[in-house]
Amino acid sequence: MSITPLMPVYPRCGVRPVRGEHCHLISEDGTRYLDFASGIAVNLLGHSNEHLIGAIQKQAATLMHVSNLYGSPQGEHLAQRLVDLTFADTVFFTNSGAEAVECAIKTARAYHSSVGNDHKYELITFKNAFHGRTMATISASKQEKMHKGFLPLLEGFKYVDFDDLEGAKAAMGPNTAGFLVEPIQGEGGIRDASDEFLKGLRALCDEHDLVLIFDEVQCGVARTGTLYAYEQYGITPDVMATAKGIGGGFPIGACLATEKAARGMVAGTHGSTYGGNPLAMAAGEAVLDVVANEEFLGEVRAKGERLRGRIEQFIGNYPDLFIGVRGRGLMLGLMMKVEPRPFVAHMRDNHQLLTVSAGDNTVRVIPPLVIDDSHIDEFMERLSAAAASYAPEAPVT
Ligand SMILES: *Cc1c(COP(=O)(O)O)cnc(C)c1O
């Protein structure tokens with residue numbers, strides 16, 4: 001037998017973390033890494049955050065799980081908080097981002113079905129998007145490498161270029177249910193949508209009674225310096241998927257919706273055994289306690305500016321390696337002239353700095369939101385040492 005007990009679907013690197021200390025990870029062999037990957041935008045509060053640990057421990061000792069067949073004071077409380085903090089009127093809790101997007105897709109279809117338009121099931125989505133790994137969410141993500149071996153895809157998705165309003169408009173037809181879009185593409189390379197694009201999609205949805213779904217699984221929960229990224233665009237979606245950061249490391253997702261958009265999601269239409277259990281709710285509450293206030297959000301913006309400024313100033317020294325920085329808040333993308341993957345590996349293996357590569361030759365710099373200036377200094381030291389010692393292979397053409 002040569003298959004590993006852990007199904008070998010990930011090309012895992014040699015780092016084997018066994019402990020976390022704030023913004024650092026310690027591996028099995030004792031090596032200490034600066035974690036500017038945050039479990040891919042998950043560990044907002046860093047590792048070993050006392051407030052989060054305390055909340056989970058307390059809830060674990062009180063009541064971990066009950067069925068959604070019973071009333072949920074814990075779920076009601078967190079849902080109310082999210083409703084108060086966002087555009088939404090109602091929330092469905094899941095255990096992951098893909099499930100939150102699944103629920104969003106179902107919500108859009110159910111909306112049209114509930115008003116007698118069963119034929120309006122098609123969502124227009126955008127190239128280089130990432131919406132998850134379930135059948136529906138890979139079908140929604142236009143990335144051949146995610147589809148290979150898993151055909152046929154689920155029907156009902158049409159892909160157009162990201163940030164191309166005219167293309168989105170041209171793709172509309174009698175079956176169109178709405179749009180599913182990441183305001184800032186994460187896996188796609190930290191590419192933020194233009195104001196005109198998202199405002200244009202909003203206008204099309206208003207005009208044609210379509211459902212606007214934002215996938216804020218990666219860019220949401222304070223990452224970009226507002227609780228959700230849509231706030232920076234001056235519009236609101238009808239439905240939104242959130243996950244990653246919202247549990248600070250505990251697996252939680254949620255699908256948020258307006259009352260109108262959720263009109264098809266009535267009793268018996270959807271469910272999840274674990275979704276929104278008391279333990280998950282305690283983790284979500286603890287994360288919101290810390291991040292959902294203007295002081296914290298302002299700090300994220302300020303730290304994002306400082307980090308971005310430092311990186312921008314530095315990369316001028318290596319015009320053959322770097323092109324520039326983009327993104328918002330602490331969701332930054334370092335655009336490279338060379339393949340990002342080997343450079344990410346070099347930073348990791350030779351300079352104990354963790355980042356994540358992404359599409360469009362980008363390195364994602366997505367630290368815990370609780371970094372301070374010492375971590376920014378440490379990041380810059382490690383990044384400069386890595387750039388100085390890097391012998392890139394042939395530049396990307
Ligand atoms: C990570 C991600 C998902 C999928 O989340 P999982 O928790 O891995 O299922 C969906 N959408 C976006 C934008 C993501 O970044």
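Small disclaimer: the values here were computed from a predicted structure and weren't measured.

A look at the UniProt feature "modified residue: N6-(pyridoxal phosphate)lysine" (unreviewed entry) in the protein
Here's step 1: Here, the residues flagged by UniProt with the feature "modified residue: N6-(pyridoxal phosphate)lysine" (unreviewed entry) are K244.
Here's step 2: Tracing the backbone through its elements, the reader meets K244 in the loop between strand 11 (239–242) and strand 12 (253–257).

Focus on the packing of aromatic side chains
Here's step 1: All chains considered together, the criterion is met by 9 aromatic pairs.
Here's step 2: With centroids separated by 5.6 Å and ring planes inclined at 85°, the aromatic side chains of F87 and Y230 adopt a geometry described as edge-to-face. Of this pair, F87 sits in the loop between helix 3 (73–85) and strand 4 (90–94) while Y230 sits in the loop between strand 10 (211–215) and strand 11, and the two are 143 residues apart along the sequence.
Here's step 3: Here the aromatic rings of F126 and F197 are separated by 5.2 Å at their centres, their planes lie at 85°, and the arrangement is edge-to-face. Of this pair, F126 sits in strand 5 (residues 122–126) while F197 sits in helix 8 (residues 195–208); the two residues are 71 residues apart in sequence, bridging distant segments of the chain.

Observations regarding the side chain of S27
Here's step 1: Turning to its location among the elements, S27 is positioned in strand 2 (residues 24–27).
Here's step 2: Excluding anything up to four places from it in sequence, S27 contacts V15, R16, P17, V18 and Y33.

Re a nonpolar patch on the surface
Here's step 1: Residues M7, V9 and Y10 make up a contiguous nonpolar surface patch of about 400 Å² in total accessible area.
Here's step 2: Among the secondary structure elements, Y10 is positioned in the segment before strand 1 (17–21).

A few points about the site of the ligand
Here's step 1: Surrounding the ligand, one finds S96, G97, A98, F130, H131, G132, E182, D215, V217, Q218 and K244.
Here's step 2: A distance of 2.7 Å separates an oxygen atom of the ligand from a polar atom in the side chain of Q218.
Here's step 3: Contact with the protein chains hides 82% of the accessible area of the ligand, taken as 380 Å² for the molecule alone.
Here's step 4: In the shell around the ligand, the residues fall into 3 nonpolar, 5 polar and 3 charged.

Concerning the nonpolar core
Here's step 1: Residues F126, F179, V291, F322, F379 and L383 are the most contacted members of the largest nonpolar core, which totals 94 residues.
Here's step 2: When residues of this core are sorted by domain, at least three fall in each of domain 1 (17–48 + 294–388) and domain 2 (50–291).
Here's step 3: If sequence neighbours within four positions are ignored, F179 has contacts with L123, I124, F126, A168, M172, L201, L204, C205, L210, V211, L212 and I213.
Here's step 4: The next biggest cluster of nonpolar side chains, apart from the first, holds 23 residues, and it includes A100, A104, A136 and V211.

Examining the sheet that holds strand 15 (residues 353–354)
Here's step 1: Reading across from one edge, 1-2-3-15 is the order of the 4 strands in this open sheet, with mixed pairing throughout. Two strands in the sheet have a free side with no partner beyond their single neighbour: strand 1 and strand 15.
Here's step 2: As defined by bridge partners, strand 2 adjoins strand 3 (residues 32–35) across 3 bridges and the pair is classed as antiparallel. Opposite H24, over in strand 3, you have L34 as the bridge partner.

Focus on the pattern of salt bridges
Here's step 1: If you walk through the whole model with that rule in mind, you get 21 salt bridges.
Here's step 2: A salt bridge links K158 to E122; its shortest N-O distance comes to 3.9 Å. In this pair, K158 is assigned in strand 6 (residues 157–160) and E122 in strand 5, connecting sequence segments 36 residues apart.
Here's step 3: Classification of E122 by relative accessible area gives buried; the value is 16%.
Here's step 4: Its salt-bridge partner being D192, residue R328 comes within 2.7 Å of it at the nearest N-O pair. In this pair, R328 is assigned in strand 13 (residues 322–328) and D192 in strand 9 (residues 191–192), connecting sequence segments 136 residues apart.

What about the UniProt feature "binding site: N(2)-acetyl-L-ornithine" (unreviewed entry) in the protein?
Here's step 1: Feature annotation in UniProt places "binding site: N(2)-acetyl-L-ornithine" (unreviewed entry) on R133 and S272, given in this structure's numbering.
Here's step 2: For R133, the position within the fold is in the loop between strand 5 and helix 5 (135–140).
Here's step 3: On the accessibility criterion, R133 (61% relative accessible area) is exposed.
Here's step 4: Those residues in contact with R133, other than ones at most four positions away along the chain, are A98, I138 and M146.
Here's step 5: Within the element layout of this structure, S272 appears in the loop between strand 12 and helix 9 (278–291).
Here's step 6: Residue contacts for S272: discarding those within four places in its chain leaves N68, F92, F93, N95 and E99.

What about the sheet that holds strand 13?
Here's step 1: A sheet is described by the order of its strands in space; here 4 strands give the open sequence 13-14-17-16, paired in antiparallel fashion. The sheet is open, and its two edges are formed by strand 13 and strand 16 (356–358), each paired on a single side. In this sheet, neighbouring strand axes are inclined to one another by 30° on average, regardless of whether the strands run parallel or antiparallel.
Here's step 2: Here strand 16 runs beside strand 17 (residues 362–365); their pairing, made up of 3 bridges, is antiparallel. When the bridges of strand 17 are listed, S357 appears paired with V363.
Here's step 3: Helix 11 (residues 340–351) contacts strand 13, strand 14 (331–336), strand 16 and strand 17 of the sheet and is inclined by roughly 175° relative to strand 16.

About the thresholds
Residues numbered from 1 in each chain as written. Predicted model: local features only at pLDDT ≥ 70, side-chain atom pairs only at ≥ 80, totals over all residues. Heavy atoms only, no water. UniProt positions renumbered as here; feature names shortened; annotations may be inferred. Helix = DSSP H or I, 4+ residues; strand = E, 2+ residues; numbered from the N terminus. Phe/Tyr/Trp six-rings, centres within 6.5 Å; stacked < 30°, edge-to-face > 60°. Contact = heavy atoms within 4.5 Å. Patch = residues over 30% accessible without salt bridge, like charges linked within 9 Å, V, L, I, M, F, W, Y side chains within 5 Å. Areas by Shrake-Rupley, 256 points an atom, 1.4 Å probe, with all protein chains shown as cover. Salt bridge = Lys/Arg side-chain N within 4 Å of Asp/Glu carboxyl O. Near = heavy atom within 4 Å. Polar contact = N/O pair within 3.5 Å; in protein donor to acceptor, adjacent residues only side chain to side chain. Nonpolar A, V, L, I, M, F, W, Y, C, P; charged D, E, K, R; others polar. Core = buried A, V, L, I, M, F, W, Y, C linked by side-chain atoms within 4.5 Å. Buried < 20%, exposed > 50% of the residue type's maximum accessible area, 1.4 Å probe, protein only. Domains from an automatic or database assignment. Pairing = 2+ DSSP bridges. Axes fitted to C-alpha atoms, helices over the stretch in contact; angles between N-to-C directions.

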